[in-house]
Structure formats: C-alpha cells, structure tokens
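# Summary of structural features
The residues making up each chain are set out below.
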Amino acid sequence: MEDVLALVDARLRSALGEPDARAAVTFLGTDRIEVLRFRDRDGDKEIVRYATLGMSAHPMTDPTATLADPVKGPRAELILSVRAGLADTDKALRPLAVLAASPQVEGVIVAPGASLDVGEPLWPSAPFSSVLVAEPGGLVEDLELDDPMDPVRFLPLLPMTSNEAAWKRVHGAAELQERWLTHGTDLRDPLRRSVTLD
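So, how was this worked out
Throughout, residues of each chain are indexed from 1 in the direction in which the sequence is written. Reporting of local features is limited, given that this is a predicted model, to residues whose pLDDT is at least 70; pairs of side-chain atoms are given and counted only at 80 or more, and all residues count toward the totals for whole chains, interfaces and linings. In computing side-chain values, all of the structure's heavy atoms are included and hydrogens and water are not. Strands here mean DSSP runs of E at least two residues long; helices mean DSSP runs of H or I at least four residues long; both are numbered from the N terminus. In this treatment the radius of gyration is a C-alpha quantity, and the globule benchmark scales as 2.2 Å times the residue count to the 0.38 power. For every residue, the accessible area obtained with a 1.4 Å probe (protein chains only) is divided by the maximum for its type, and the residue is called buried under 20%, exposed over 50%, and partly exposed between those limits. N or O atoms closer than or at 3.5 Å make up a polar contact, with two conditions inside protein: a donor-capable atom paired with an acceptor-capable one, and, for residues adjacent in sequence, both atoms drawn from side chains. Strand pairing follows a simple DSSP-based rule, namely that at least 2 bridges must link the two strands. What the arc covers is the set of directions going from the helix axis to the C-beta atoms. Here a residue-residue contact requires only that any non-hydrogen atoms of the pair lie within 4.5 Å. In the sections that follow, a salt bridge refers to a side-chain nitrogen of Lys or Arg positioned within 4 Å of a carboxyl oxygen of Asp or Glu.

Once that is clear, we can look at the overall build of the chain. Assigned secondary structure in the chain consists of four helices and seven strands. In the chain, the succession of α and β elements from N to C terminus is α-β-β-β-β-α-β-β-β-α-α. For a compact globule of 198 residues, the expected C-alpha radius of gyration is about 16 Å, and the chain comes in at 16 Å, within 12% of that figure. Expressed along its principal axes, the backbone C-alpha trace of the chain runs to roughly 45 × 40 × 30 Å.

Shown next, in the form of structure tokens:
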C-alpha cells in the first residue's frame, strides 16, 4: 500500500509541481486520506488544484461481490480544479476526503460519469454539493502498476449545482457535459451559476 501511495504522490508532483499545502483526514474504520493543494497559472488567472492521496491504496470493490480482492480492481484518486481567490475553496478539503473514502466506507466504485454528493456545500456558500466524475488522462496520466494490479486513474471532479445534478440523473452525464460546452460554462469558476437547462 505504501509503495502505491509513494508512486501516486510522485506522479502528482511530476504532473502538477510541488504542493504548497497538504492536509490529512481519517474517518473511523478507514485509512488516512490526504488532500494536496497545487497552484498553477492559466494565463493571468491562478488555478488551485486539490488532489486526494490515499484512495488508491486499495482497489475499489463491487458492492455485490462476496469477497473483496485485495489486489485486483479499479484504483483512483480525485482532482478538483478551481479559480483561486474567488471563494474559500480550501474548505473543500474535508468534503474531498469524504468522497475519496466513499469506496472504503460505502463500497462504491467511483468511475467516469458517476455523480457524488457530499450532502453539504463543497465550501462555504458554494452553489455545489455534488460533483460529476469526468474522464481521466487530461491533467495527470494514468499510473501503471505491476501486474496484476489495475492502473491508478486520476479522475477530475466537475462541481454541479443541484439543478444540474437533477438534470444529469434524467439525461445522463454526456448530455450535461455537452450543455456545459455549448454554453461555454467555466467549470473552474467557484461562483458560477447553473447552466441553462430548458
């Protein structure tokens, strides 16, 4: 487990640079989850990225399986990217750790297209309490592990308003992402409003 996390830590740092902060959260009956904060410039705007470290220590297991395989199965970490300085997004550390612990706590498999809900704003006054799990590979490449272990995938999280989350449940993740694209939605804006859904 420690070897996997050391490799994940190294992959995150090689892709995103050195973290300027890291925090650890431990939930009863689960392994420790760390959240690392990275800063990046996007033109004249600063982006802050939060990446989990610890979710990939164990493979995710199908909740219907009678026995959990300790080696085989999907592994992932989560990445949230937002524009810096517009909201107190550092308060998202605990909600992110909750989401990263959900495979251990609830026996769910986190995969692209899934919705995850923390039941409260992601940060103070945030219009989002849920996220859409996006496709990996754009920001941080998959980390290949020795056979028979699955690679670690770094899954971007896209915050959703409650209206968007409800619309996504009916129409699907691809339709919601298409609507965001059509309307030029800035998914990194921590203060953005819901996209037009009529």
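Generally, phi is negative for residues other than glycine and the peptide bonds are trans, each holding for most cases. Of the consecutive residues D147 and P148, the connecting peptide bond is found in the cis state with omega at 5°. Looking at where P148 falls in the secondary structure, it is placed in the loop between strand 6 (128-133) and strand 7 (152-161). One non-glycine residue with positive phi stands out, namely S125, at about 65°. Checked against the element boundaries, S125 lands in the loop between strand 5 (115-117) and strand 6. Of the residues examined, S125 reaches a relative accessible area of 74% and is grouped as exposed.

Note that S56 resides in the loop between strand 3 (45-53) and strand 4 (75-83). In this structure S56 comes out as buried when scored by relative accessible area, which is 0%. A distance of 2.7 Å separates a polar atom in the side chain of S56 from a polar atom in the side chain of E77.

Further remarks concern the pairing of strand 6. A large share of strand 6 lies buried, amounting to five of its six residues. Note that strand 5 and strand 6 share three bridges and pair antiparallel. If you follow D117 over to strand 6, its bridge partner there is S130. In the sheet, strand 6 pairs with strand 7 via five bridges, with the strands oriented antiparallel.

Time to look at helix 4 (residues 173-182). Listed in full, the buried residues belonging to helix 4 are A173, L176 and W180. Taken around the axis of helix 4, the buried residues stretch over an arc of 65°, which confines them to a single face. Within helix 4, the exposed residues directed more than 90 degrees away from the buried face are A174, L181 and T182. Buried residues belonging to helix 4 abut strand 6, strand 7 and helix 3 (162-171).

Take the pattern of salt bridges next. Taken as a whole, this structure holds 13 salt bridges when the rule is applied. Its salt-bridge partner being R39, residue D20 comes within 2.9 Å of it at the nearest N-O pair. Of this pair, D20 sits in the loop between helix 1 (2-16) and strand 1 (21-25) while R39 is found in strand 2 (residues 33-42), placing the two residues 19 residues apart along the sequence. Given a relative accessible area of 41%, D20 falls into the partly exposed group. For R39, a relative accessible area of 36% translates into the label partly exposed. Notably, a salt bridge pairs R49 with D40, separated by 3.1 Å at the nearest N-O pair. By relative accessible area, which is 6% here, R49 ends up buried.

Further remarks concern the pairing of strand 7. For strand 7, a buried count of eight out of ten residues is recorded, marking the element as mostly surrounded by other parts of the structure. Sheet topology note: the strand 4/strand 7 ladder contains six bridges and is parallel. Residue pairing across strands places E77 opposite F154, the latter belonging to strand 7.

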